[in-house]
Protein chains: 2
Amino acid sequence: MQDRRAGMHLRPTTIERIPLYLRVSDQLFHSGADTVSSEQLAVLTGYSSDTVRRDLWDLSIAGRRGIGFDVAAIRERLGDIIGTSASWRLAIAGVGNLGRALSHYSNLSRRGLDIIALFDVDPAKIGTADSGVEILPALEIAGECKRLGVQIGVIATPAAAAQACANSFVEGGVRALLNFAPVTLELPREVQVRRVDVLLELQLLAYHLRSKAPLGDG
Amino acid sequence: MQDRRAGMHLRPTTIERIPLYLRVSDQLFHSGADTVSSEQLAVLTGYSSDTVRRDLWDLSIAGRRGIGFDVAAIRERLGDIIGTSASWRLAIAGVGNLGRALSHYSNLSRRGLDIIALFDVDPAKIGTADSGVEILPALEIAGECKRLGVQIGVIATPAAAAQACANSFVEGGVRALLNFAPVTLELPREVQVRRVDVLLELQLLAYHLRSKAPLGDG
DNA sequence: TCCTGTGAATGGCTTCACAGCG
DNA sequence: CGCTGTGAAGCCATTCACAGGA
């Protein structure tokens, strides 16, 4: 048996799957389920039941043979790991349609993700508020992030402004960025970046359509 | 040497990287570069130069020793593979802030991704137009997609409506979906689905912040 | 010397397969 | 029996390392 204590090693692939496990076990919990089998979790997540069992084992979540896993136990353990009870301070740069969509996304605060600052370059927007959060000048990103203790920065600007925003966030002490702009950001290694790139996703779908459709089935 | 002809086998991981290779070689092309080394591509994409060389080889893109790869050749080959010269017909379900952000995203049409239909359930929106595309009733998704030959469906609805929309798209002959709703869709295996899930991404960032910050550096 | 081309080695994730227990 | 727990096998992607041509 491997080390299953707090400082244990988790495989990167397992880590990537944790948030989805958490979501589905939340849904199961709210639908009143007490236990769940690895096979059910496999269906709900799209992973294989082998992978689910291996992951939960690595996450120190024990099941009961013949029964399954305890839904509440999964929820609690994964919530601890992700830190849903903690509150994370987010800022969004760029209050276009995308930035607005994010700032209105009520699921965020329910998950301990609080948007506490919005930034834009447009003088007409600066000073107004969106979802109760005032829009500040983009030039003040670094200073305001430092002052407010922003932990996660969201880049929802046009591509041309993304790198500058990212730099300002980093200067302001932000060490995690979610980047919606279609550019590869160059950042210090200690800064976490995740990319959400719609164009890339659509091109991949197009590729698969084109390569599979002529074959009949896949 | 392996088979490098049209029907060749590409590794899934290579396929996932193609759109980004295409983007950076486009940028290089427009900045006037004639050739590019695998090391430069590595910096621009975030992959290793070994991986870049292996990928381009697998994609039948030859370089010249001591010089590098021909930017125009990469562009042309990858454009052929992705099908950028072809025109793809997209429809978006859900004209909230997110749907609007997508419909205004001018990069799409430049890449051969044309939004030809918008759907919503809100009677106040139906009949109006956004970015020159009329908003149709969500109930008509299947029929209109069939009529218009929609190839890629984008789900930008609230979570509760996502599965029904997906079903309608599939009924309308759409075989590729981009899902922004925080739910796992259950669909026939021949339908391609890609998920864009902001909540999952943010939770992963939070996890990494929490697990790395206390350690000092990573 | 520079950078590609490419077998071989490495490392890790997933799947197999089945033992083990309620 | 049902479903977990888990070594071992198999597979696949990446990295190493260096030969080879401009």
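In this text the structure is predicted, and so the values were computed from the model without any measurement.

Rules of the game
- Residues numbered from 1 in each chain as written.
- Chains lettered and ligands numbered in written order.
- Predicted model: local features only at pLDDT ≥ 70, side-chain atom pairs only at ≥ 80, totals over all residues.
- Heavy atoms only, no water.
- Salt bridge = Lys/Arg side-chain N within 4 Å of Asp/Glu carboxyl O.
- Helix = DSSP H or I, 4+ residues; strand = E, 2+ residues; numbered from the N terminus.
- Buried < 20%, exposed > 50% of the residue type's maximum accessible area, 1.4 Å probe, protein only.
- Contact = heavy atoms within 4.5 Å.
- Buried area = accessible area lost by both parts, 1.4 Å probe.
- Polar contact = N/O pair within 3.5 Å; in protein donor to acceptor, adjacent residues only side chain to side chain.

Caption draft 1: Looking closely at the pattern of salt bridges. All names here are of chain B. Summed over all chains, the structure comprises 22 salt bridges over all chains. Of the charged contacts in the structure, one is a salt bridge between R53 and D50, with a shortest N-O distance of 3.1 Å. Here R53 pairs with D50, and both are found in helix α3 (residues 49-58), just three residues apart, close to one helical turn. Between R147 and E144 there is a salt bridge, and its shortest N-O distance comes to 2.7 Å. Of the two residues, R147 and E144 both sit in helix α7 (residues 141-148), three residues apart, roughly one turn of that helix. Judged by relative accessible area, R147 falls into the exposed class, the value being 60%. E144 sits in the buried class, given a relative accessible area of 14%.

Caption draft 2: Representation of the interface of chain A and chain B. Across the boundary between the two partners, chain A contributes 62 residues, which contact 61 residues of chain B. Summed over both sides, the interface of chain A with chain B buries roughly 5,700 Å², with 67% coming from carbon and sulfur. Of all residues in chain A, R23, Q203 and L205 of chain A give up the largest surface area on contact with chain B, accounting jointly for 11% of the area buried on that side. Across the chain A-chain B interface, the total number found is four salt bridges. For D197 of chain A, the salt bridge identified is with R23 of chain B, shortest N-O distance 2.6 Å. Our enumeration of links across chain A and chain B arrives at twelve residue pairs in polar contact (both at pLDDT 80 or more). Among the elements that line the side of chain A that touches chain B, the one with the most residues is helix α9 (residues 198-212) of chain A, at 14 residues.

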